[in-house]
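A look at the structure
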Amino acid sequence: MEIQRLTDKGFPTKTFQKDAIIYEPGMQPRYVYFIQSGEVRMVTISDDGKEFIQGVFKAGQYFGEPALLIDKPYLAFTIVNKVSRIIQVNRQDFFALIENEPDFSMSLIKTLSRRLFYKSMMLEELANEKAEHRLLTIINYLLPDVVVGAPLKVTRQELADMTGLRVETVIRGVKLLSKKGLISLSRGKIIRLE
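First, a word on what this report is: a plain description of the structure on this page. (Residues numbered from 1 in each chain as written. Predicted model: local features only at pLDDT ≥ 70, side-chain atom pairs only at ≥ 80, totals over all residues. Heavy atoms only, no water.)

Focus on the overall build of the protein
- Looking only at helices and strands, the protein has seven helices and eight strands in total.
- Counting only C-alpha atoms and orienting by the principal axes, one finds that the protein spans roughly 50 × 40 × 30 Å.
- Expressed as a percentage of the 194 residues in the protein, the buried residues total 38%.
- For the protein, the proportion of contacts with a sequence separation of at least 24, taken over those separated by at least 6, is 72%. (Helix = DSSP H or I, 4+ residues; strand = E, 2+ residues; numbered from the N terminus. Buried < 20%, exposed > 50% of the residue type's maximum accessible area, 1.4 Å probe, protein only. Contact = heavy atoms within 4.5 Å.)

What follows is the structure, given as structure tokens:
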């Protein structure tokens, strides 16, 4: 809904190529980024180069607003997963949307609340040493966004990056969760059954 509203208002769209970095830690926020098409991941990178995925944003979603709202530097990288068309909304225009469009403000509050809930849940899970438990929690968190009968469109690598586990541990964990009947697999894909 926000994307159409922005295009109707004449906001331009910019194309970002795969692997482009939109912003990185320490940069001052200038825009909120609305994805018209494509996909972007938000990651922190450890000293040894390992990525920890904080979120994946897809068409119809937006990112970058927390830092802009509180005028603090970004804490993570945002990297384009596939060619993306993005509307960059500057600070003044973003605050005008918040002030003048109550339905946009409510949508923003809900989006921020979902993200806060996710981060709180992941902090609790990262403190839990059991890989199976971490995996099951993130899978159960992601599955409600999947249509019944459809596969979860998250790779084993992405699950590893979201949970702080190694890919090999994720592969073993997914097989074990399936054997226990806690998740359903079809041709190696995690499927939502209900």
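Quick look at the nonpolar core
- With 24 residues, the main nonpolar core has Ile-138, Ile-139, Leu-152, Leu-159 and Ile-190 as its most contacted residues.
- The greatest single-element share of this core, amounting to five residues, is contributed by helix 5 (residues 131-142).
- One finds Phe-16, Tyr-33, Ala-67 and Ile-86 within the second-largest nonpolar core, a separate group that totals 14 residues. (Core = buried A, V, L, I, M, F, W, Y, C linked by side-chain atoms within 4.5 Å.)

Notes on helix 5
- Between its first and last C-alpha, helix 5 extends 17 Å over twelve residues, near the 16 Å set by a 1.5 Å rise per residue.
- Residues of helix 5 that are buried: Arg-134, Leu-135, Leu-136, Thr-137, Ile-138, Ile-139 and Leu-142. (Expected span 1.5 Å × (residues − 1).)

Observations concerning the layout of surface pockets
- Of the volumes computed, that of the largest pocket is approximately 1400 Å³.
- Along its surface, the largest pocket is lined by 44 residues, and Gly-55, Val-56, Phe-57, Gln-61 and Arg-115 are the ones closest to its centre.
- Those elements giving two or more residues to the lining of the largest pocket turn out to be strand 3 (31-45), strand 4 (51-58), strand 5 (62-63), helix 2 (65-70), helix 4 (102-127), helix 5 and helix 6 (156-163).
- The element contributing the most residues to the lining of the largest pocket is helix 4, with nine residues. (1 Å grid on protein atoms, 1.4 Å probe; cavity = no way out; pocket = protein on both sides within 12 Å on 5 of 7 lines; lining within 4 Å. Points joined across faces, edges and corners; volume = space filled by probe spheres on them.)

Some words on the pattern of salt bridges
- Tallied over the full model, the rule gives eight salt bridges.
- Here Lys-58 ties to Glu-39 by a salt bridge, and the two come within 3.7 Å at their closest N and O atoms. Taken together, the residues span a long stretch of sequence, with Lys-58 in strand 4 and Glu-39 in strand 3 at a distance of 19 residues.
- The exposure class assigned to Lys-58 is partly exposed, which follows from its relative accessible area of 36%.
- A salt bridge links Glu-51 to Arg-41; the shortest N-O distance between them is 3.0 Å. Here Arg-41 lies in strand 3 and Glu-51 lies in strand 4, a separation of ten residues in the sequence.
- The network of salt bridges with shared partners includes Arg-5, Lys-9, Glu-101 and Asp-103. (Salt bridge = Lys/Arg side-chain N within 4 Å of Asp/Glu carboxyl O.)

Function cannot be read off these values alone, since they describe shape.
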